[in-house]
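Below, each chain spelled out in residue letters.
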Amino acid sequence: MKTIEVDEELYRYIASHTQHIGESASDILRRMLKFTAGQPASASAVAKAPEPAAAVSLPRDRVRVVRELLLSDEYAEQSKAVNRFMLVLSTLYTLDAVGFTAATDALHGRTRTYFAGDQQTLLANGTHTKPKHVPGTPYWVITNTNTGRKRSMIEHIMQAMQFPAELIEKVCGTV
């Protein structure tokens, strides 16, 4: 698999042509270009292809990272909303641990605590909470809420972290 860089406008255009959850950027481009696997590249395209540059690591923008998550195979393979919920939470924390912490500190239900630093706190604040550890974070989250509540929690966190409204809507629609 090769990595290419595209500007934000082009990336948004490609992502806007997503037809189903988890469709990869390669699948979208193949469909748009009517290109099938195994189709030989033209000689001129091969001749003009630039040599791969040395690995250059540029800071990736938060919006792009979330969009890439939505297009990833890992996300597409999740058949349960709770697993997609956990992947989104993990990604948001990785992007901005301080912003995530501030957003989750302010997020509570009427009678429940949704996020905590340990499983016992969540178990003590509700029955049948089914706490799960959010991978790559120091947080635990209750998971026996309905999908609408999971979406609401993600919406709150992403708004607090100042993500664009259209991206928040797209993420919530995939959970």
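Here the residue numbers are simple positions, counted from 1 along each chain's written sequence. Local features in this predicted model are restricted to residues whose pLDDT is 70 or higher, and side-chain atom pairs enter the listing and the counts only when it is 80 or higher, whereas totals over whole chains, interfaces and linings include all residues. Only hydrogens and water are removed before side-chain values are computed, so all heavy atoms of the structure are retained for them.

With respect to the sheet that holds strand β1 (residues 115-116)
Argument step 1. Only strands that DSSP links by at least two bridges are regarded as paired with each other. Secondary structure is summarised from DSSP: a helix means a run of H or I of at least four residues, a strand means a run of E of at least two, and numbering begins at the N terminus for each. The three strands lie next to each other as β1-β3-β2, forming an open sheet whose pairing is antiparallel. Because the sheet does not close on itself, it has two edges, and the strands there are β1 and β2 (131-133).

A word on helix α6 (residues 81-95)
Given 3.6 residues per turn, any residue in an α-helix points the same way as the ones three and four places further on.
Argument step 1. Any helix carries an expected span of 1.5 Å times its number of residues minus one. With 15 residues, α6 should reach 21 Å at 1.5 Å per residue; the first-to-last C-alpha distance of 21 Å fits that figure.
Argument step 2. Most of α6 sits out of view: 12 of its 15 residues are buried. Each residue gets one of three labels from its accessible area relative to the maximum for its type: buried under 20%, exposed over 50%, partly exposed in between, using a 1.4 Å probe on protein chains only.

Observations concerning the pattern of salt bridges
Argument step 1. Whenever a carboxyl oxygen of Asp or Glu lies within 4 Å of a side-chain nitrogen of Lys or Arg, that contact is scored as a salt bridge. In total, this model carries one salt bridge according to the counting rule given.
Argument step 2. Where Glu 166 meets Arg 67, a salt bridge forms, and the shortest distance between an N and an O atom there is 2.9 Å. Placement of the pair is Glu 166 in helix α10 (residues 165-174) and Arg 67 in helix α4 (residues 62-71), with a sequence separation of 99 residues.
Argument step 3. The exposure class of Glu 166 is partly exposed, given its relative accessible area of 43%.

A few points about helix α1 (residues 8-15)
Argument step 1. Among all positions in α1, only Tyr 11, Ile 14 and Ala 15 are buried. Buried residues of α1 fall within an arc of 95 degrees about the axis and therefore sit on the same side.
Argument step 2. Residues count as neighbours in contact if any of their non-hydrogen atoms are within 4.5 Å of one another. The inward-facing, buried residues of α1 abut α2 (25-33), α4 and α10. This arc is taken over the directions from the axis of the helix to the C-beta atoms.

A few points about the side chain of Thr 145
Argument step 1. Tracing the backbone through its elements, the reader meets Thr 145 in the loop between β3 (140-142) and α9 (147-160).
Argument step 2. Judged by its relative accessible area of 11%, Thr 145 is buried.
Argument step 3. Apart from the residues within four sequence positions on either side, Thr 145 is in contact with Arg 112, Lys 150 and Met 153.

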